[in-house]
Amino acid sequence: MAESNSKKLSFVLYEENNPPRYYHINKAFLRFVIYGLPSAALICIVLLATGGVYFEQIQRLALRKEPAIIKKLKDEKDQLIKANLVIQKERDQLEKKLSEGVDTSSGLGFLALFKQSSGRVDKSTSPEMQLEEIEVVKGTNKVNLDFKIINMTKDDSRLTGYLFVIMQIANQIEVWPKGVVENESMQIAYGNGEFFATSRFRPVRAAFNLKEGNQVLFKVVIFSRTGDLIFKQLISKPL
């Protein structure tokens, strides 16, 4: 039986062969047991489920980022290894050239303007580059030679070298880049050229002083980083 106006719920328990027993329970506690505990349990379950989903998303995001970071580090490592191999190869080539001395029968006599380099080899017969979009632009006091160096390596490897352009109009000669001719020897060291490195193409503009004449002759000469002749091309244009 219940006392509706009381804060307690009273009841009598009858058991067979046992005397009746009287109990009473606080109504607020009973409501807490019936409603509060299940609600608290449900809230805990929801919080745990939400937290589990949140941490699972963080874990997935971290797993997604980890391969990208690892790939980036691996690519950087591969690039460093390739650069180190190139440096070692060039060092070995230079050591070999120095040990061989200067070869006066190399067939490079036309390069008399340039200082002779130990062990220099002419590799221009099978160049790994070509010139495109060649154009001669004549101004009031200047004449420019514009062109693009196109990388033609089979494996698209990085192409590097030292570039010179020699211009001749009538009996006058000028060399680009300017200031590369050494005063005492009146010759040019191959390493004083315009350095370039490209995986695809490299635009070039060689500027010269305009001289009197109707025909201009350009010679594009490129050396490797170890002094070998790797490209040469003659360009003749009317002014």
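Please refer to the structure higher up on the page.
Residues numbered from 1 in each chain as written. Predicted model: local features only at pLDDT ≥ 70, side-chain atom pairs only at ≥ 80, totals over all residues. Heavy atoms only, no water.

> Got a sec to walk through the pairing of strand S5 (residues 159-169)? Specific residues and values, please.
For S5, a buried count of ten out of eleven residues is recorded, marking the element as mostly surrounded by other parts of the structure. Inspection of the sheet shows S5 paired to strand S7 (residues 194-198) by five bridges, in the antiparallel sense. Note that in S7 the partner of Leu163 across the bridge is Glu194. With eight bridges connecting them, S5 and strand S9 (residues 215-223) associate as antiparallel partners. Among the inter-strand pairings, Gln168 is bridged to a residue of S9, identified as Leu217. Count of turn residues in the S5/strand S6 (residues 172-176) antiparallel hairpin: two residues, of which Ala170 carries a positive phi of about 55 degrees. (Buried < 20%, exposed > 50% of the residue type's maximum accessible area, 1.4 Å probe, protein only. Helix = DSSP H or I, 4+ residues; strand = E, 2+ residues; numbered from the N terminus. Pairing = 2+ DSSP bridges.)

> If you had to explain the sheet that holds strand S3 (residues 129-138) to someone new, which residues and values would you point to?
A sheet is described by the order of its strands in space; here three strands give the open sequence S3-S4-S8, paired in antiparallel fashion. With one partner strand each, in any of the chains shown, S3 and strand S8 (201-209) form the two edges of the open sheet. This sheet shows a mean twist of 20 degrees between the axes of neighbouring strands, independent of strand direction. (Axes fitted to C-alpha atoms, helices over the stretch in contact; angles between N-to-C directions.)

> Can you tell me about the layout of surface pockets, naming the residues and giving the values?
Counted as a void, the largest pocket has a volume near 960 Å³. Lining of the largest pocket is provided by 25 residues; of these, Val86, Lys89, Ser157, Arg158 and Thr160 occupy positions nearest its centre. Sorting the residues of the lining of the largest pocket by element identifies helix H1 (27-100) and S5 as the ones contributing at least two each. In terms of residue count, the dominant contributor to the lining of the largest pocket is H1 (eight residues). Its residues assigned to classes, the lining of the largest pocket shows eight nonpolar, eight polar and nine charged. (1 Å grid on protein atoms, 1.4 Å probe; cavity = no way out; pocket = protein on both sides within 12 Å on 5 of 7 lines; lining within 4 Å. Points joined across faces, edges and corners; volume = space filled by probe spheres on them. Nonpolar A, V, L, I, M, F, W, Y, C, P; charged D, E, K, R; others polar.)

> Lay out the pattern of salt bridges in plain terms, naming residues and giving numbers.
Pairing of side chains with opposite charge becomes possible as their charged atoms draw close. This structure, assessed with the given rule, holds seven salt bridges. Between Glu133 and Lys148 there is a salt bridge whose closest N-O contact spans 3.6 Å. Here Lys148 lies in strand S4 (residues 142-151) and Glu133 lies in strand S3, a separation of 15 residues in the sequence. Of the residues examined, Lys148 reaches a relative accessible area of 22% and is grouped as partly exposed. Residue Glu194 is joined to Arg202 by a salt bridge in which the shortest nitrogen-to-oxygen separation is 3.4 Å. Each of Glu174, Lys178 and Lys211 takes part in one network of salt bridges that share partners. (Salt bridge = Lys/Arg side-chain N within 4 Å of Asp/Glu carboxyl O.)

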